[in-house]
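Descriptive analysis of the structure
The chain contents come next:
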Amino acid sequence: MSAVAAVTEAVDAIAASNGDLKAVTMLLEERALRRAREIDAAAARGERPGPLAGVPFLAKNLFDVEGVVTRAGSRATDGDAPAAADADAIRLLEEAGAILVGLTNMDEFAYGFVTQNQHDGATRNPLDLACIAGGSSGGSAAAVAAKMVRIAIGSDTNGSVRVPAALCGLFGFRPTFGGISKRGAFPLAYSLDTVGPLTRTADDLALAVAALRPKAAMGQRRDVKGLRFARLGGYFEHPVTPAVRRGVERVCAVLGVTETVEFPEPQRAREAAFLITSAEAGETHLARLRSRSDEYGDVVRERLIAAALTPSAWYAHALRFRTWLFAHLGPLFDRYDVLVAPTTPCEAPPIDATHVTIDGVELEKGPAMGTFTQPLALTQLPALSVPVFSQGEKPVGVQLIARWNEDETLVALAKGIAL
Amino acid sequence: MASAMDESNIRPYVRSTATLLNVALDVGRENAVVAVMTRLAAMADHLLAFPLDADEDPTSGAPA
C-alpha cells in the first residue's frame, strides 16, 4: 500500500469512529498527505524511507507539532504561541518513515487516569463504549484499539501509557527514565515524566521503540533465554479482580515464573510519587495559575493549586525516599532480571462510575487505576504493560519490569507473549 | 509546613500560602483545595514517618 493510501485509510477510519470515541482532537491531514507523497516519491526512486515507511501514527496532544499550539488537553493554553518545531518523539518516528496524522485526547495537563476531559469530552473504550479508555493517554490508546492507526505515542508520569494500554488491550511501554527524549512534550512532573508508544502488536512495539531509542537499539540485551523472573507479591496482589489475577497467572505460566518477592515499601513509593508529581506540577503551572486559573477545568485547577502549595519538606523527603528506594532495588535485581505485576487492579470501569469496588474495597475510580503503576514510576525502571485477553471478558494488563536501561529485554519478551 | 490530616491545620496553611504565591482563591475553590491538600497531607504524614538517614541524599544521582 502506498503511503498516501495508508494516510487516507487512517483519516477515513478516524472519521468513521471518532464521533463515538472522542479519541482524536485534531487531524493533521494536509501535513500527513504532504509527508506521504514525499515517502511515495522516495520509494519510487528506489530509496528506503525507513522501517516504518508510510505507517500513520497519532500523538497525545501534549506533544509539540510545528505551527500548532500545544494544548495539553486544556483551554488554559489557548493563545499560547504555536510550537516552533516538532517534539523529538514525533521527529524520531517520522525519521523512521512514520507519518503523524493527528493528535489525541487526554486528561487535562496529563493529570489523571481516566481521559474524561472537561473540554474535549470523555474518550470511550472501543472494546466497551460505556467504559473509560484509561488515561491520561486515553485518546492514543482508544485510537490504536479502534484500529485508526497501528501506533500512537503518549506520556507516562505515573502510569499514563500503561493504564490505558491495559484497559484497551494494548502493549504500552514506559522506558527507563530519560530513555526516550521528552523534549517538546508538555511537562507534568520533570523527574517522573517519560514518553512511550502504544501498539496492538509486539512487532509494532519493537519498531516504535527502535525508532524512539535509536542510540539504544543496537547492542542492547535481547536474548531472553535464562532470564530470572519473580512476581511481585503483597501490595501487588490485593485488591485485584479475578480477571486481573488470572491475567497475572497466565503471564507467569508462560514465562515460567515460580517465585514471589516483595517490592520495598510500595505504599510509600506511591505516596512519594504523588508528592513529587504534586510539587513539580505546581511549579510548572504556578505562573499560569496566577493569571489564567479560570480557564482550567475545575478538577485539575483545584488539584494544581493544591500542588502549587505543596510544602517543600514533603517534596524533599519524597526525593530522599526515592534515593532509599533506588538502593533497595539493586539487591532485588541481583536476584531477578524481570519482575511481574498487574498494571491496573481491574478491567475498564464505566465512564459514569465515580468509584470501583474490588475485592470488597471501594476506591475512587481515577486514583485506583494508578495503584500498581505509580510505585514503579518512582523507580525510573522500564516497564511494559502486556495485554491479556480472555473470551467474554474485557482485557487486562500485566506489567513486566526490567533493570534500568534494559528496555529492549522487555521488547524482546513481548514477542513471546501472545495472550 | 502543614502537617497532620486535620483540616483545621490545613486551611490556614492553604490561605497563607496562596496569598504568598499570589494564587487567587474564592471560598468554594478554597474548600476544594483544602480537600486535596488534606489528602496529600495524609500521604506526607505516612511518608515522613519513614526514617531516613543522611546517606539518603537525593543529589547522589539516579541509577539510570
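Look a little higher up for the structure.
Notes on the structure follow. (Residues numbered from 1 in each chain as written. Chains lettered and ligands numbered in written order. Predicted model: local features only at pLDDT ≥ 70, side-chain atom pairs only at ≥ 80, totals over all residues. Heavy atoms only, no water.)

Looking only at helices and strands, chain B features two helices and zero strands. Counting every position in chain B, which comprises 64 residues, the buried fraction comes to 36%. Long-range contacts, defined here as pairs at least 24 residues apart, represent 48% of the contacts in chain B between residues at least 6 apart. (Helix = DSSP H or I, 4+ residues; strand = E, 2+ residues; numbered from the N terminus. Buried < 20%, exposed > 50% of the residue type's maximum accessible area, 1.4 Å probe, protein only. Contact = heavy atoms within 4.5 Å.)

In this complex, chain A contributes 38 residues to the contact, which on the side of chain B involves 38 residues. For the pair chain A and chain B, the two sides together bury roughly 3400 Å², of which 71% comes from carbon and sulfur. Scanning the region where chain A abuts chain B turns up three salt bridges. In this structure, the salt-bridge partner of Arg29 of chain B is Asp294 of chain A, at a minimum N-O distance of 2.9 Å. Connecting chain A to chain B are eleven residue pairs in polar contact (both at pLDDT 80 or more). (Buried area = accessible area lost by both parts, 1.4 Å probe. Salt bridge = Lys/Arg side-chain N within 4 Å of Asp/Glu carboxyl O. Polar contact = N/O pair within 3.5 Å; in protein donor to acceptor, adjacent residues only side chain to side chain.)

This part is about the sheet that holds strand S12 (residues 260–261) of chain A. All names here are of chain A. Pairing is mixed in the open sheet, where eleven strands are placed in the order S1-S3-S2-S8-S10-S9-S16-S17-S13-S11-S12. Across the chains shown, the open sheet's two edge strands, defined by having one partner strand only, are strand S1 (24–27) and S12. In this structure, strand S8 (residues 151–155) lies alongside strand S10 (residues 195–199), joined through five bridges in antiparallel fashion. From the neighbouring strand, Gly154 faces S10, where its bridge partner is Gly196. Contacts from helix H3 (residues 88–95) reach strand S2 (56–60), strand S3 (99–104), S8 and S10, with the element oriented near 175° to S2. Against the sheet, helix H7 (residues 242–255) contacts strand S11 (229–232), strand S13 (338–342), strand S16 (383–388) and strand S17 (396–402), and its axis sits at roughly 45° relative to S17. (Pairing = 2+ DSSP bridges. Axes fitted to C-alpha atoms, helices over the stretch in contact; angles between N-to-C directions.)

All names here are of chain A. Structurally, Arg124 is set in strand S6 (residues 124–125). We classify Arg124 as partly exposed; its relative accessible area is 34%. Here the alpha-carbon distance between Arg124 and Arg231, two residues 107 residues apart in the chain, equals 32 Å. Contacts of Arg124, omitting those with residues within four sequence positions, involve Asp20, Leu21, Leu129, Ala130, Cys131, Ala133, Ala142 and Ile351. At 2.7 Å, the side chain of Arg124 forms a polar contact with the backbone oxygen of Leu129.

Okay, the side chain of Thr373 of chain A next. All names here are of chain A. Here Thr373 is to be found in the loop between helix H11 (365–369) and helix H12 (374–379). By relative accessible area, Thr373 is classed as buried at 0%. For Thr373, the contacting residues outside a window of four places in its chain are Phe113, Asn158, Gly159, Arg162, Val163, Thr343 and Gln399.

Judged by side-chain charge, Glu9, Asp12, Glu29 and Glu30 of chain A come together as a negatively charged surface patch. Mapped onto the negative patch, the elements with two or more residues apiece are helix H1 (3–21) and helix H2 (29–44) of chain A. (Patch = residues over 30% accessible without salt bridge, like charges linked within 9 Å, V, L, I, M, F, W, Y side chains within 5 Å. Areas by Shrake-Rupley, 256 points an atom, 1.4 Å probe, with all protein chains shown as cover. Lys, Arg positive; Asp, Glu negative; His and termini not counted. Charge placed at Lys NZ, Arg CZ, Asp CG, Glu CD.)

Another aspect to go through is the packing of aromatic side chains. Aromatic ring pairs: the centre-centre distance and the angle between the two ring planes describe each pair. Residues and elements named next belong to chain A. Under the criterion given, the structure shown has eleven aromatic pairs over all chains. Taking 5.3 Å as the distance between ring centres and 40° as the angle between the ring planes, the aromatic pair formed by Phe109 and Tyr296 counts as tilted. On the criterion of sequence distance, the pair formed by Phe109 in the loop between S3 and strand S4 (116–117) and Tyr296 in the loop between helix H8 (266–292) and helix H9 (298–308) is long-range, its members being 187 residues apart. What makes Phe109 buried here is its relative accessible area of 2%. (Phe/Tyr/Trp six-rings, centres within 6.5 Å; stacked < 30°, edge-to-face > 60°.)

One broad trend across soluble globular proteins is that nonpolar side chains are buried collectively. Phe63, Phe321 and Leu400 of chain A together with Met37 of chain B are the most contacted members of the largest nonpolar core, which has 122 residues in total. Per-element tally for this core: the top contributor is helix H10 (residues 312–335) of chain A, with ten residues. Contacts of Leu400 of chain A, omitting those with residues within four sequence positions, involve Val251, Leu255, Val338, Leu339, Val340, Pro382, Ala383, Leu384, Val386, Leu410, Leu413 and Ile417 of chain A. Of all hydrophobic cores here, the second largest spans 29 residues; its members include Val7, Val11, Ile39 and Val144 of chain A. (Core = buried A, V, L, I, M, F, W, Y, C linked by side-chain atoms within 4.5 Å.)

Let us now look at the environment of Val396 of chain A. Residue and element names in this part refer to chain A. Mapped onto the elements of the fold, Val396 is located in strand S17. Since its relative accessible area comes to 4%, Val396 is described here as buried. Put simply, Val396 and Ala165 are 231 residues apart on the chain and 8.8 Å apart in space, counted from C-alpha to C-alpha. If near-sequence neighbours (up to four positions away) are discounted, Val396 is found in contact with Ala166, Ala243, Val244, Gly247, Glu347, Val386, Pro387 and Val388.

A few words on H1 of chain A. Residues and elements named next belong to chain A. Compared with an ideal rise of 1.5 Å per residue, which puts 19 residues at 27 Å, H1 spans 25 Å between its outermost C-alpha atoms and is within 8% of the ideal. Largest kink in H1: about 35°, centred on Ala15. Taken together, the buried positions of H1 are occupied by Ala3, Ala6, Val7, Ala10, Val11, Ile14, Asn18 and Leu21. (Expected span 1.5 Å × (residues − 1). Bend = angle between axes of the 7 residues up to and from the residue.)

On to the side chain of Asp107 of chain A, then. All names here are of chain A. Summarising the element assignment, Asp107 is placed in the loop between S3 and S4. Lacking a salt bridge, the buried Asp107 has Arg303 as its closest oppositely charged neighbour, with an N-O distance of 6.3 Å. Those residues in contact with Asp107 that lie beyond four places of it in its chain are Ala72, Gly112, Phe113, Val114, Thr115, Gln116, Asn117, Gly135 and Ser136.

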